[in-house]
Amino acid sequence: MVCNPRPSCAHDAVPTWPLTARKNCLHNGLTMLRRLNRSPAFLNDTLQADNHPGRRVRASRADREGGGDSKTGASTITKTKPRTQRPNLYRVLLLNDDYTPMEFVVLVLQDVFNKSREDAMRIMLHVHTKGVGECGIYPYEVAETKVTRVMDTARKNQHPLQCVMEKK
Ligand code: TYC
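The model shown is predicted, which means the values in this text are computed figures rather than measured ones.

A. Quick peek at the overall build of the chain. Counting secondary structure elements, the chain contains six helices and three strands. In the chain, the order of α-helices and β-strands from amino to carboxyl end is α-α-α-β-α-α-β-α-β. Looking at the chain as a whole, 28% of its 168 residues are labelled buried. The long-range share in the chain, meaning contacts at least 24 apart out of those at least 6 apart in sequence, stands at 56%. Here the chain has roughly 11900 Å² of accessible surface; of this, 52% comes from carbon and sulfur atoms.

B. Representation of the side chain of Asp 97 in the model. Note on placement: Asp 97 falls in the loop between β1 (89-95) and α4 (102-113). Salt bridges are absent for the buried Asp 97, whose nearest opposite-charge side chain, Arg 155, sits at 13 Å. A polar contact of 2.7 Å, which involves the side chain of Asp 97, links it to the backbone nitrogen of Tyr 99. Of the polar contacts made by the side chain of Asp 97, one reaches the backbone nitrogen of Thr 100; its length is 2.6 Å. The contact partners of Asp 97, leaving out residues within four places of it in the chain, are Pro 160 and Leu 161.

C. Spotlight on the nonpolar core. Counting residues in each nonpolar core, the largest one holds 22 residues, and the members touching the most others are Val 92, Leu 94, Leu 109, Phe 113, Val 150, Leu 161 and Cys 163. Counting only elements with at least two residues in this core, the list comes to β1, α4, α5 (117-130), β2 (132-139) and α6 (140-156). By residue number, the principal contributor to this core is α4, which donates seven residues.

D. Structural detail: the packing of aromatic side chains. A full pass over the atoms with the stated rule returns two aromatic pairs. An angle of 80° between the planes, with centres 5.1 Å apart, marks the rings of Tyr 90 and Tyr 140 as edge-to-face. Note that Tyr 90 is positioned in strand β1 and Tyr 140 in helix α6, a separation of 50 residues in sequence. Directly above the ring of Tyr 138 sits Lys 146, whose terminal nitrogen or CZ lies 5.1 Å from the centroid.

E. Layout of the packing of α4 against α5. Two elements in contact, α4 and α5, have axes separated by 8 Å at closest approach and are oriented at 125°. Relative to α5, the element α4 is oriented oblique. α4 and α5 meet at a crossing whose hand is right-handed. The segment α4 lies against α5, with Met 102, Glu 103, Val 105, Val 106, Leu 107, Leu 109 and Gln 110 engaging Arg 117, Ala 120, Met 121, Ile 123, Met 124 and His 128. Residues of the contact of α4 with α5, tallied by class, amount to nine nonpolar, two polar and two charged.

F. Up close: the site of the ligand. For the ligand, the full set of nearby residues is Leu 95, Asn 96, Asp 97, Thr 100, Met 102, Val 105, Met 124, Val 127, His 128 and Leu 161. In the environment of the ligand, a nitrogen atom lies 2.7 Å from a nitrogen or oxygen atom belonging to the side chain of Asn 96. One of the backbone nitrogen or oxygen atoms of Thr 100 is found 2.8 Å away from a nitrogen atom of the ligand. Bound to the protein, the ligand loses 90% of the 350 Å² it would expose on its own. Of all the elements in the fold, those that place two or more residues in the shell around the ligand are α4 and α5. Here the shell around the ligand takes three residues from α5, the largest share from any one element. A class-by-class count of the residues in the shell around the ligand yields six nonpolar, three polar and one charged.

Parameters at a glance
Residues numbered from 1 in each chain as written. Predicted model: local features only at pLDDT ≥ 70, side-chain atom pairs only at ≥ 80, totals over all residues. Heavy atoms only, no water. Helix = DSSP H or I, 4+ residues; strand = E, 2+ residues; numbered from the N terminus. Buried < 20%, exposed > 50% of the residue type's maximum accessible area, 1.4 Å probe, protein only. Contact = heavy atoms within 4.5 Å. Areas by Shrake-Rupley, 256 points an atom, 1.4 Å probe, with all protein chains shown as cover. Lys, Arg positive; Asp, Glu negative; His and termini not counted. Salt bridge = Lys/Arg side-chain N within 4 Å of Asp/Glu carboxyl O. Polar contact = N/O pair within 3.5 Å; in protein donor to acceptor, adjacent residues only side chain to side chain. Core = buried A, V, L, I, M, F, W, Y, C linked by side-chain atoms within 4.5 Å. Phe/Tyr/Trp six-rings, centres within 6.5 Å; stacked < 30°, edge-to-face > 60°. Lys NZ or Arg CZ within 6 Å of the ring centre and 35° of its normal. Axes fitted to C-alpha atoms, helices over the stretch in contact; angles between N-to-C directions. Parallel < 35°, antiparallel > 145°, perpendicular 65-115°, else oblique. Left-handed = near helix turned anticlockwise from the far one by under 90°. Nonpolar A, V, L, I, M, F, W, Y, C, P; charged D, E, K, R; others polar. Near = heavy atom within 4 Å.

Here it is as structure tokens:
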């Protein structure tokens, strides 16, 4: 069926979705394309899909990405969140005890936390006098690995040295 030109065409009402009802109505199809701001190729795709049930028409980029309204053709400007996020940081702390040898603590600080001999000595003495001291600040997994390494080394050497992490 080819419908009459305006204004008598009953199909000239507000377009509805999907386009399937208009596959034989050239006039209304073109009117609709104009309103939707689509090219005739779009109608062609749609008609082919109607003739092949189950075949899907590919949505436009704007429609797929949620930036447009496929009924009105209006596009929306959406504010996108920046994709990079800073990792949560954790402080790794050494706790004092009365039994772990000072030299062992210094070696742990050099080996696990890559401190110079001087920095390791300074941190060890700080922990020794204050009870607790910071060895470094790292993202979660790194901090966790360091704590595990310290605790494993201490246990293997039968020292009661304690190492913990806390969210910054
Ligand atoms: N207090 C310990 C001692 O006198 C030394 C020590 C320092 C132990 C720091 C643990 O985290 C520590 N032998």
